[in-house]
Amino acid sequence: MNHPIRVMLVDDHTVVRSGLKSLLSVHDHIKVVAEASSGREAVAKASSIEMDLILMDIRMQEGSGITACKTITEKYPHIKVIMLTSYDEDDIIYDSIVAGASGYLLKEIDTIELIQSIEKVAKGESLLDPAATLKVMNRLRRGETMKETEKLTPQEKQVLSFIANGKTNREIGKAMHLSEKTIRNYVSNIFSKLDLHNRAEAAAYAVRNKLDE
């Protein structure tokens with residue numbers, strides 16, 4: 001690579017982005033070329049700014065990082081994505097791999113490991129442990145989450161798709177010509193049927209099961 005590694009920082013917390021930018025700015029071979037506070041903004045900037053790698057928060061208020069990662073890696077395969085998370089969970093690894101990420105890092109990672117990870121991914125290497133990847137591939141082969149979609153009504157699937165694309169209950173209601181209260185009931189039913197706890201988990205589920213389109 002004849003130029004610095006061009007990085008976009010995606011996190012809905014300004015302090016987090018500022019902290020990462022400060023850490024990276026002291027390394028001449030890495031350059032922060034863009035910042036975004038939501039998955040939707042990240043997708044827009046990926047289409048207009050030359051970049052090599054994205055550090056992407058998984059959980060954001062306006063759209064899931066997983067959904068944005070999937071969109072970006074499909075449209076711009078030359079851009080590598082590293083997911084950032086505060087939690088070390090198998091489902092996060094699974095969601096990251098399915099969405100096309102090159103790996104994931106915990107937010108409490110030290111600076112040296114962060115820089116080394118960026119360098120590895122920029123070279124085309126993966127941060128994903130082979131054992132974790134194998135576990136994910138086995139889940140995909142079994143299709144163990146696919147049958148759960150049969151529990152949802154067509155309307156619930158549509159609501160889930162809107163959630164995956166970062167829409168609020170009010171926005172979903174307007175698009176479906178339903179009241180916000182009705183949408184809240186749909187969301188509650190979706191969470192109950194699929195054993196989900198929040199909109200980020202719902203968005204990740206939609207991506208895994210191709211219900212986000």
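Scroll up for the structure.
Residues numbered from 1 in each chain as written. Predicted model: local features only at pLDDT ≥ 70, side-chain atom pairs only at ≥ 80, totals over all residues. Heavy atoms only, no water.

### What about the overall build of the chain?
1) Next: In terms of helices and strands, the chain carries ten helices and five strands.
2) Next: Out of the 213 residues in the chain, the part that is buried amounts to 46%.
3) Next: In the chain, the proportion of contacts linking residues at least 24 apart, taken out of those at least 6 apart, comes to 65%.
4) Next: Element-wise, carbon and sulfur atoms account for 50% of the exposed surface of the chain, whose accessible area totals about 11,100 Å². (Helix = DSSP H or I, 4+ residues; strand = E, 2+ residues; numbered from the N terminus. Buried < 20%, exposed > 50% of the residue type's maximum accessible area, 1.4 Å probe, protein only. Contact = heavy atoms within 4.5 Å. Areas by Shrake-Rupley, 256 points an atom, 1.4 Å probe, with all protein chains shown as cover.)

### With respect to unusual backbone geometry
1) Next: In the Ramachandran plot, His177 falls in the positive-phi region, its phi being about 60 degrees despite a non-glycine side chain.
2) Next: With respect to the helices and strands, His177 occurs in the loop between α8 (169-176) and α9 (180-194).

### Quick look at the packing of helix α7 (residues 154-164) against helix α10 (residues 199-208)
1) Next: It is at 8 Å that the axes of α7 and α10 come closest, and there the two elements cross at 105 degrees. As judged from the angle between their axes, α7 and α10 are roughly perpendicular. Residue-level inspection shows Leu160, Ile163 and Ala164 of α7 in contact with α10, the latter providing Arg199, Ala202, Ala203, Tyr205 and Ala206.
2) Next: In terms of residue class, the contact of α7 with α10 is made up of seven nonpolar, no polar and one charged. (Axes fitted to C-alpha atoms, helices over the stretch in contact; angles between N-to-C directions. Parallel < 35°, antiparallel > 145°, perpendicular 65-115°, else oblique. Nonpolar A, V, L, I, M, F, W, Y, C, P; charged D, E, K, R; others polar.)

### Thoughts on the nonpolar core
Generally speaking, a soluble globular protein has its nonpolar side chains buried in company with each other.
1) Next: Residues Met8, Val10, Ile54, Met56, Ile72 and Met83 are the most contacted members of the largest nonpolar core, which totals 28 residues.
2) Next: Those elements giving two or more residues to this core turn out to be β1 (5-10), β2 (30-36), α2 (39-46), β3 (53-57), α3 (65-75), β4 (80-85) and α4 (90-99).
3) Next: Val159, Phe162, Met176 and Ile183 belong to the second-largest nonpolar core, a separate cluster that totals 20 residues. (Core = buried A, V, L, I, M, F, W, Y, C linked by side-chain atoms within 4.5 Å.)

### Brief notes about the pattern of salt bridges
1) Next: The final tally for this structure, using the stated rule, is nine salt bridges.
2) Next: Put simply, Lys45 and Glu41 hold a salt bridge, and the shortest N to O gap is 3.2 Å. Taken together, the residues Lys45 and Glu41, both in helix α2 and four residues apart, mark about one turn of the helix.
3) Next: On the basis of relative accessibility, which here comes to 24%, the residue Lys45 falls in the partly exposed class.
4) Next: The exposure class assigned to Glu41 is partly exposed, which follows from its relative accessible area of 27%.
5) Next: Of the charged contacts in the structure, one is a salt bridge between Arg170 and Glu180, with a shortest N-O distance of 3.6 Å. Note that Arg170 is positioned in helix α8 and Glu180 in helix α9, a separation of ten residues in sequence. (Salt bridge = Lys/Arg side-chain N within 4 Å of Asp/Glu carboxyl O.)

### Here's the deal with the sheet that holds β4
Sheets are built from strands paired through backbone hydrogen bonds, the pairs being either parallel or antiparallel.
1) Next: Ordered in space as β2-β1-β3-β4-β5, the five strands form an open sheet in which the pairing is parallel. The sheet is open, and its two edges are formed by β2 and β5 (103-106), each paired on a single side. Neighbour-to-neighbour, the strand axes of this sheet turn through a mean angle of 25 degrees, independent of strand direction.
2) Next: Two elements, β1 and β3, share four bridges in a ladder whose sense is parallel. Considered in β3, the bridge of Val7 is made with Leu53.
3) Next: Lying over the sheet, α3 contacts β3 and β4, oriented at roughly 160 degrees with respect to β3. (Pairing = 2+ DSSP bridges.)

### Some remarks on the pairing of β3
1) Next: Taking burial as the measure, the five residues of β3 include five buried ones, the bulk of the element.
2) Next: Here β3 shows no split at all, with Leu53, Leu55 and Asp57 on one side and Ile54 and Met56 on the other all buried.

### Topic: α7
What sets the pattern is the α-helix's 3.6 residues per turn: residues three or four places apart point alike.
1) Next: For α7, every residue scored as buried is listed here: Glu156, Val159, Leu160, Ser161, Phe162, Ile163 and Ala164.
2) Next: Buried positions along α7 lie against α3, α8, α9 and α10.
3) Next: Taken from the residues just after α7, Gly166 is the one with a positive phi, measuring 80 degrees.

### Regarding the packing of α2 against α3
1) Next: Their axes nearest at 8 Å, the elements α2 and α3 cross at an angle of 15 degrees. Judged by the angle between their axes, α2 and α3 are roughly parallel. Between α2 and α3 the crossing geometry is right-handed. Facing Gly39, Ala42, Val43 and Ala46 of α2, the residues of α3 in contact are Ala68, Thr71 and Ile72. (Left-handed = near helix turned anticlockwise from the far one by under 90°.)

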